[in-house]
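Chain residues, written in single-letter form:
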Amino acid sequence: MNSFVYDIPVKVYFGENQLGHLGEELSKFGKRVLLTYGGGSIKRIGLYDKVMAEIKNAGLEVFELSGIEPNPRIDSVRKGAQICKDEKIDVLLAVGGGSTLDATKWMAAGACVDFDAWDFFNEKWAPVEKALPVVTILTLAATGSEMDAGVVISNPETKDKIGRIAEPLLPKVSFLDPTNTYTVSPYQTACGSADMMSHIIEVYFNMNQDLYMLDCFMEGMMKTIIKYTPVAMKEPENYEARANLMWTSSWAINGFVNGGKQQAWSCHPMEHELSAIYDITHGLGLAILTPRWMEYCLDETTVSKYVQFGVNVFGIDAALEPMAIAKQSIEKLSDFFFNTLGLKRTFTEVGIKAEDFPIMAKKACGDGILPGFKPLAQKDIEKIFEMCL
Ligand code: NZQ
Ligand code: ZN
């Protein structure tokens, strides 16, 4: 097992009736606040008015940027960074799902540099040395952006969707009130859970340096997602279900479960290429890809991990043949995504065409090898894409 550093300095207010702390937390960073949000769900759910009241009560000055799109675009980031510079913003407040949070985290970095915000993502790969402080109010359990240092930004002009991780991007404070997710549609709830499930699977499926305690923790989170997602879809205002999903979203990707494991992810780089060209929902792309990727990586050298997964997460009989357990575990996961959650199961159903596979596969592996559970070359990725048709 590798040595590691555990350092997740995000202050979390979890639960109902915590918004009263918003003013005091924002005030720690200054007086001028940039409030960012998406297409308007925060107004429809009444959160906008509550947030504004807290900001005003604290005597802060607020500027606004709305319209951040799902799969957020670099243009929104540019606009926000410019407002931060022009209005001398002290702190950014992102209210929404992962897209709003990601875009806002990147505005906070863009505000601190003189060059264009896309230069962090193109071949210049500019270092992220600092960022303005970001506070978040999460309204959709999925990406974990509320407690991680990652962002994923799209550029429709270059057909790129690129992720970056940088310490200065960690939110300073995040408000996680499960009641703010009551209005998330069954479809977005399902996609969010597929995303969380993938965040765990990307780390869990690893043949090296396992830490038993972390594997058990990840199995517990996967069982939580499997238990509570259908409940939240049927009973959107079930607090217990929404709370379990919300806290799982944060812990699936906040760095804790990586302890000691050195591993790159596989399905996420592949999915980002789908969203880059087809603008599909991230979690949906992952749900289609993950079981096929698992099938492609299954052989005598990897089967033991599938057995552990199948027995501990889905309760498959441990006395069966290892290969039979492994195959059943993939079927169980597919059944969860496509039957229980009702997500579409093929690329064909969501309009993704085979003609784009070579370019998407090439970009996913960065012209080389995509490291991960099993290293994948362009041809391997194309085959996985074909299995998704
Ligand atoms: O834009 P609004 O009006 O707010 O509507 C959103 C949007 O249409 C809606 N929504 C959010 N909260 C709601 C709600 N509707 C009703 N009630 C609420 N309470 O849901 C739709 C989707 O929102 P979005 O923010 O796009 O979803 P998600 O949280 O899944 O974020 C996806 C983005 O995050 C990236 C993805 O690639 C994608 O771009 N990721 C970020 C990661 C990170 N920062 O670490 C990791 C992930 O793997 C992921 O790649
Ligand atoms: Zn994800």
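Below or above, wherever it landed, is the structure these notes cover. Residue positions are counted from 1 within each chain, in the order its sequence is given. As a convention, the first chain written is A and the first ligand written is 1, with the rest following in written order. Only residues with pLDDT of at least 70 get local features here, since the model is predicted, and only at 80 or more are side-chain atom pairs given and counted; chain-wide, interface and lining totals rely on the full set of residues. Neither water nor hydrogens contribute to the side-chain values; these are computed over all heavy atoms in the structure.

Considering the sheet that holds strand β8 (residues 173-176)
At least two DSSP bridges between two strands are needed for those strands to be called paired. Helix numbering and strand numbering both begin at the N terminus, where a helix is a DSSP run of H or I of at least 4 residues and a strand a DSSP run of E of at least 2. Taken in spatial order, the six strands of this open sheet run β1-β8-β5-β4-β2-β3, and their pairing is parallel. Only two strands of the sheet have a single partner each, and these edge strands are β1 (11-14) and β3 (61-65). Sheet twist, expressed as the mean angle between neighbouring strand axes with direction ignored, is 20 degrees. Where strand β2 (residues 32-36) and strand β4 (residues 91-96) come together, four bridges link them in parallel fashion. Bridge pairing in β4 places Leu34 opposite Leu92. Contacts from helix α3 (residues 47-57) reach β2, β3, β4 and β5 (134-138), with the element oriented near 150 degrees to β3. Where helix α5 (residues 98-110) meets the sheet, its contacts fall on β2, β3, β4 and β5, and the angle it forms with β4 comes to roughly 165 degrees. To get an axis, a line is fitted to the C-alpha atoms, and for a helix only the part in contact is used. The angle between two axes follows their N-to-C directions and goes from 0 to 180 degrees. Only heavy atoms enter the contact rule, under which two residues are in contact if any of them lie within 4.5 Å.

Digging into the coordination of the zinc ion (ligand 2)
Only nitrogen, oxygen and sulfur atoms count as donors, using a 2.8 Å cut-off from the metal that widens to 3.2 Å for Na, K and Ca. Water is left out, so coordination shells may look unfilled. Protein-derived ligands of the zinc ion (ligand 2) are Asp195 (OD), His199 (NE2), His268 (NE2) and His282 (NE2), with the metal-ligand distances lying across 1.9 to 2.2 Å. For the zinc ion (ligand 2), all donor residues lie on one chain, and their spacing in sequence is D-x3-H-x68-H-x13-H. Taken together, the positions of His199 in helix α6 (residues 186-204) and His282 in helix α10 (residues 282-297) put the pair 83 residues apart, joining distant regions of the chain. Think of it in three bands: with a 1.4 Å probe and only protein chains considered, a residue is buried below 20% of the maximum accessible area for its type, exposed above 50%, and partly exposed in between. We classify His199 as buried; its relative accessible area is 2%. Judged by its relative accessible area of 15%, His282 is buried.

Quick look at the packing of aromatic side chains
Stacked, tilted and edge-to-face are the three classes applied to pairs of Phe, Tyr and Trp rings, where Trp contributes its six-membered ring and a pair requires centres within 6.5 Å; stacked means planes under 30 degrees apart, edge-to-face means over 60, and tilted covers the rest. For the structure on display, the rule yields 26 aromatic pairs. Counting every residue linked through ring pairs, the aromatic cluster contains Tyr204, Phe205, Trp293, Tyr306, Phe309, Phe314 and Phe373. Geometrically, a charge over a ring is one whose NZ (Lys) or CZ (Arg) sits within 6 Å of the ring centre while staying within 35 degrees of the ring normal. In this structure, Lys43 is placed above the aromatic ring of Tyr48, and the distance from its NZ or CZ to the ring centre is 4.6 Å. The residue whose ring lies beneath Lys305 is Tyr204, and the NZ or CZ to ring-centre distance is 4.4 Å.

Considering the site of ligand 1
As a structural note, the neighbourhood of ligand 1 is formed by 31 residues, with Ser41, Gly98, Ser99, Asp148 and Lys161 the closest of them. Polar contact criterion, stated in full: a pair of N or O atoms within 3.5 Å, where within protein one must be able to donate a hydrogen and the other to accept it, and residues adjacent in sequence count only if both atoms are side-chain atoms. Between an oxygen atom of ligand 1 and a side-chain N or O atom of Ser99, the distance comes to 2.5 Å. His268 has a polar side-chain atom sitting 2.9 Å from an oxygen atom of ligand 1. Within the complex, the protein chains bury 89% of what would otherwise be the 960 Å² of accessible surface of ligand 1. Every element with two or more residues in the shell around ligand 1 is listed here: α5, β6 (150-155), α6 and α9 (267-278). Residue composition of the shell around ligand 1, by class: eight nonpolar, 19 polar and four charged. When residues of the shell around ligand 1 are assigned to domains, at least three map to each of domain 1 (11-180) and domain 2 (186-387). Any residue with at least one heavy atom within 4 Å of a molecule or strand is counted as near it. Note that accessible areas follow from Shrake-Rupley with a 1.4 Å probe, and for residues the cover is restricted to the protein chains shown. Residue classes follow a fixed rule: Ala, Val, Leu, Ile, Met, Phe, Trp, Tyr, Cys and Pro count as nonpolar, while Asp, Glu, Lys and Arg count as charged, and any other residue, Gly among them, counts as polar. Source of the domain bounds: an automatic or database domain assignment.

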